[in-house]
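# Understanding the architecture of this molecule
Here are the chains, one letter per residue:
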Amino acid sequence: MKEKNLKSYEIKQKEFDKFNPPKDVVCCPRGRASVRDKLDDYAVAAVELYGLISMQDFVDLYNDYCDDDKELTDIDEMHILLLPRVLKNEKYFFYDGYLCHSILRLNKTLIQDLISAQANKERYLPPKEEFLSYKDAIYSLSDKWEYVLDFFEDYFDKDSNAHRKNKNFIENFFSEFVEAMVFSKVYFDFSLFTEIFDEYGIIFNSQEEIQIFFKLVMDAYNDSRIWYNKGFSPRALSDRFK
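Bear in mind that the values here come from a model prediction, so they are computed numbers and not experimental data. (Residues numbered from 1 in each chain as written. Predicted model: local features only at pLDDT ≥ 70, side-chain atom pairs only at ≥ 80, totals over all residues. Heavy atoms only, no water.)

## Concerning the overall build of the protein chain
For the record, the criterion: A run of H or I in DSSP counts as a helix once it spans at least four residues, and a run of E counts as a strand once it spans at least two, with each numbered from the N terminus. The classification of residues rests on relative accessible area computed with a 1.4 Å probe and restricted to protein chains. Under 20% of the type maximum is buried, over 50% is exposed, and intermediate values are partly exposed. Any two residues having at least one pair of non-hydrogen atoms within 4.5 Å are treated as being in contact. Each accessible area value is a Shrake-Rupley result obtained with a 1.4 Å probe; residue values ignore everything except the protein chains displayed when judging cover.
Counting secondary structure elements, the protein chain contains 11 helices and three strands. Its C-alpha atoms put the protein chain at 65 × 55 × 30 Å along the principal axes. Every one of the 242 residues in the protein chain was classed for burial, and the buried ones make up 43%. Taking as baseline every contact in the protein chain between residues at least 6 positions apart, the subset at least 24 positions apart corresponds to 68%. Of the roughly 13700 Å² of accessible surface on the protein chain, a fraction of 51% belongs to carbon and sulfur atoms.

Structure, rendered in structure tokens:
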């Protein structure tokens, strides 16, 4: 089984290398280092907000936000400037004409699903300062997720199970839960969280407690920036069609 998985990974890695070939890395063109840095900032923000974006749409987006005509770019230069960052930082990568978030790497099905889900949808385009704030993965999540985390802080405070009072146990739980929160931008399902509950032996004390948890999560999710919505939150889309 392990050998089969390694071969599968090798095939997918070759597909990745096809669009991100190390042999194509060149020295930064003279005078374009600052453009590379800015493009990198926009690339990170774009994939955090949208998950993926076509290379042409990304270049258009960057050029629209750009204040200096000397820093405008095109697809060919963008690829030259960002490929070293792809291979060094692994925050995003190129795939078949798209700029994609690193979480999508080696998952062709998820990439295709996301492309299909975004097709013909309007893109959320905030003011420049807000857009660049999305470089922080957490920024695209609703502040209401704090209520969900507070819910579990309270849960552990009241928990009588001694081993769950362990500091490392609690820190590991919250670390995995936050990862699930971030991944909910990609694909939302309550199994993202219930699998963590099974792993850590989290058991709710009543039906009311379960309902409170579900409501808190849905409120947080509905106000978060979702990749399938091209950056719009579910609540924002719902309000637009009222």
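Let us keep going from here.
## As for the sheet that holds strand β3 (residues 98-101)
By definition, the strands of a sheet pair up through backbone hydrogen bonds, in either a parallel or an antiparallel sense. This is how the line gets drawn: Strands are treated as partners if at least two bridges between them are detected by DSSP. All axes here are fitted lines through C-alpha atoms, helices being fitted over the stretch that makes contact, and every angle between N-to-C directions spans 0 to 180 degrees.
Strand order in the open sheet formed by three strands is β1-β3-β2, and the pairing between neighbours is antiparallel. Single-partner strands in this sheet number two, and they are β1 (52-54) and β2 (92-95). The mean inter-strand angle of the sheet, taken between neighbouring strand axes irrespective of direction, is 20°. The pairing of β1 with β3 spans three bridges and is antiparallel. Bridging from a neighbouring strand, Ile53 pairs with Leu99 of β3. Contacting β1, β2 and β3, helix α3 (residues 55-65) crosses the sheet at an angle of about 90° to β1.

## Focus on unusual backbone geometry
Positioned with a positive phi, Asp96 is a non-glycine residue whose angle comes to about 50°. Residue position: Asp96 is located in the loop between β2 and β3. Not every positive phi belongs to a glycine, and Lys230 is a case in point at roughly 55°. Structurally, the position occupied by Lys230 is in the loop between α10 (207-222) and α11 (234-240). When its relative accessible area of 12% is taken as the criterion, Lys230 is described as buried.

## Some thoughts on the pattern of salt bridges
The test is simple: For this analysis, a salt bridge means a side-chain nitrogen from Lys or Arg found within 4 Å of a carboxyl oxygen belonging to Asp or Glu.
Following the criterion strictly, the structure yields 16 salt bridges and no others. Put simply, Glu71 and Lys38 hold a salt bridge, and the shortest N to O gap is 2.7 Å. Of this pair, Glu71 sits in the loop between α3 and α4 (75-89) while Lys38 sits in helix α2 (residues 33-50), and the two are 33 residues apart along the sequence. Since its relative accessible area comes to 34%, Lys38 is described here as partly exposed. The partner of Asp223 in a salt bridge is Lys144, with the nearest N and O atoms 2.8 Å apart.

## Some points on the packing of helix α7 (residues 145-158) against helix α8 (residues 167-183)
Here is the rule: Geometric relationships in this document are graded by angle, where less than 35 degrees denotes roughly parallel, more than 145 denotes roughly antiparallel, 65 to 115 denotes roughly perpendicular, and other angles denote oblique. Each helix crossing is assigned a hand: it is left-handed if the near helix lies turned anticlockwise from the far helix by less than a right angle, otherwise right-handed if that turn is clockwise. Polarity classes work like this: nonpolar for Ala, Val, Leu, Ile, Met, Phe, Trp, Tyr, Cys and Pro, charged for Asp, Glu, Lys and Arg, and polar for all others, with Gly in that last group.
Between α7 and α8, the shortest axis-to-axis distance is 12 Å and the interhelical angle comes to 155°. Classified by the interaxial angle, the pair formed by α7 and α8 is roughly antiparallel. The interaxial crossing formed by α7 with α8 has right-handed handedness. Here Trp145, Val148, Leu149, Phe152, Glu153 and Phe156 of α7 come into contact with α8, specifically with Phe169, Ile170, Phe173, Phe174, Phe177, Val178 and Met181. Its residues placed into classes, the contact of α7 with α8 shows 12 nonpolar, no polar and one charged.

## Details of the pairing of β2
Across the two faces of β2 the burial is the same, with Tyr92 and Phe94 and Phe93 and Tyr95 all buried. Sheet topology note: the β2/β3 ladder contains four bridges and is antiparallel. Of the residues in β3, the one forming a bridge with Tyr95 is Tyr98.

## Remarks on the environment of Asp40
Going by this rule: Under the rule applied, a polar contact is a pair of N or O atoms within 3.5 Å (in protein, one hydrogen donor and one hydrogen acceptor; residues adjacent in sequence only if both atoms are side-chain atoms).
The topology assignment puts Asp40 in helix α2. Between the C-alpha atom of Asp40 and that of Glu199, which follows or precedes it by 159 residues, the distance is 37 Å. If sequence neighbours within four positions are ignored, Asp40 has contacts with Leu82, Arg85, Asn89 and Tyr92. Here the side chain of Asp40 touches Arg85 through a polar contact of 3.3 Å, side chain to side chain. Among the polar contacts made by the side chain of Asp40, one reaches the side chain of Tyr92 at a distance of 2.5 Å.

It is worth stressing that arrangement in space is one thing and function is another; only the former is reported here.
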